[in-house]
Amino acid sequence: MDRTSMADRQRARVEDLCADTREPGTRGHQRACESIAAEFARLGFETTVERAKIDGERCANVLARSGAADGPFVVFGAHYDTQPGTPGADDNASAVAALLEIARHVAERPAPGRGRLVLAAYDLEEYGFGGSRLHARSLRQREHEVEIMASLEMLGFTSPAQGLPDFLAGRRSVGDFIGLCSSEASAGPLEAIEEAFRSDPDLPVETLLLPGTGRGFPIARLSDHSSFWDAGFPALMVTDTSFLRNPHYHLSSDRPETLDYPFLARVTAALARSVDRLLGVA
């Protein structure tokens, strides 16, 4: 993958998404949903919008599917909604831009050797993980097998200062790495994803493996992967560590110009390699 061109596309995508707040019920929220669905469809994916009303809010998940007719699902998801008053560049336009580049990569590759890929742009993450809860419960009710769900949560911010919770103290002091946070049940897929990331010697990676559904570590549950943990599926989060690094978290200053686009492109390339490994293409 040409990371320079990808970084340019991702900057443009983030700027477009951040032109309006994506708080549910706003014009920017609807526009984001429509533009994501249109891009998935343009790339040849079977694209649907999963709609429901959750806790009084209208939810619209954009789901793009490809791959085998049967076999386990591999789900890569990123939420597109925002908190009120923030453009949400890192949180979470950065990950939506990564998700769309993964779609572009998959569209240009041979058909997967196994499994079914779902690229999910989730709604209402900022409002109780509503979109991912809806999707995970639907998969569970239909008795589908999920090999792994990977939640892409804030991927584009680097910093000379890195905060860490007490149980991770001493691991890193510079915010130049990507974090992989997984449940023990996801150890197999995590290994494939970690190998894909570590194949880039210039991309530092830190991995955290948690027991059960991470209930003892609330900070590690703050994204859509927790909906899949709670539904009994293996899942993990890929993150730049959010507010542990990014001082613009949930603020009006979370703007496109604060992001490190070469870093985002490097992370995205590793995610694309991860998808290839999980689907038997690599």
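Everything numeric in this text was worked out from a predicted model, so none of it was measured. (Residues numbered from 1 in each chain as written. Predicted model: local features only at pLDDT ≥ 70, side-chain atom pairs only at ≥ 80, totals over all residues. Heavy atoms only, no water.)

Chemist: What's the story with the environment of threonine 4 in this structure? I'm lost.
Modeler: Relative to the elements of secondary structure, threonine 4 occurs in helix H1 (residues 3–17). Residue threonine 4 is classed as exposed on the basis of its relative accessible area of 56%. (Helix = DSSP H or I, 4+ residues; strand = E, 2+ residues; numbered from the N terminus. Buried < 20%, exposed > 50% of the residue type's maximum accessible area, 1.4 Å probe, protein only.)

Chemist: Could you clarify how one ought to interpret the packing of aromatic side chains in this entry?
Modeler: The way to describe two aromatic rings as a pair is by their centre distance and the angle between their planes. Under the counting rule described, the total for this entry stands at three aromatic pairs. Measuring from centroid to centroid gives 6.0 Å for phenylalanine 228 and phenylalanine 233, while their planes differ by 45°, and the two rings are tilted. You can call phenylalanine 228 buried: its relative accessible area is 0%. Phenylalanine 233 gets classed as buried once you look at its relative accessible area, which sits at 5%. (Phe/Tyr/Trp six-rings, centres within 6.5 Å; stacked < 30°, edge-to-face > 60°.)

Chemist: How should I be thinking about the sheet that holds strand S1 (residues 46–54) in this particular structure?
Modeler: Where strands meet in a sheet, backbone hydrogen bonds hold them as pairs that are either parallel or antiparallel. Read across the open sheet, the eight strands follow the order S1-S2-S4-S3-S5-S8-S6-S7; overall the sheet is mixed. Of all the strands in the sheet, just S1 and strand S7 (205–210) have a single pairing partner and so form its edges. Within this sheet the neighbouring strands show an average axis-to-axis angle of 20°, counted without direction. In this sheet, strand S4 (residues 116–122) lies alongside strand S3 (residues 73–79) in parallel orientation, the contact comprising seven bridges. In the sheet register, histidine 79 faces S4, and the bridge partner there is tyrosine 122. (Pairing = 2+ DSSP bridges. Axes fitted to C-alpha atoms, helices over the stretch in contact; angles between N-to-C directions.)

Chemist: Hey, could you run me through the pairing of strand S2 (residues 57–67) in this one?
Modeler: Regular strands have side chains that alternate between both faces of the sheet. Both S1 and S2 contribute to a ladder of nine bridges, which runs antiparallel. By the bridge assignment for S2, isoleucine 54 is matched with glutamate 57. In sequence, S1 turns back onto S2 through a hairpin of two residues, with aspartate 55 there showing a positive phi of about 50°. As defined by bridge partners, S2 adjoins S4 across six bridges and the pair is classed as antiparallel. Opposite alanine 64, over in S4, you have leucine 119 as the bridge partner.

Chemist: Got a minute to help me understand helix H3 (residues 89–107) in this structure?
Modeler: Residues lying three or four places apart along an α-helix face the same way, a consequence of the helix completing one turn every 3.6 residues. Between the first and last C-alpha of H3 there are 25 Å, a value that for 19 residues agrees with the 27 Å anticipated at 1.5 Å per step. Among the 19 residues in H3, 17 count as buried, and that is most of the element. (Expected span 1.5 Å × (residues − 1).)

Chemist: I would appreciate a short explanation of the pattern of salt bridges in the present structure.
Modeler: A side chain of one charge can pair with a side chain of the opposite charge if their charged atoms are brought near each other. Taken as a whole, this structure holds 17 salt bridges when the rule is applied. A salt bridge links arginine 215 to aspartate 230, with the shortest nitrogen-to-oxygen separation between them at 3.3 Å. In this pair, arginine 215 sits in the loop between S7 and helix H6 (225–230) while aspartate 230 sits in helix H6, placing the two residues 15 residues apart along the sequence. Given a relative accessible area of 56%, arginine 215 falls into the exposed group. (Salt bridge = Lys/Arg side-chain N within 4 Å of Asp/Glu carboxyl O.)

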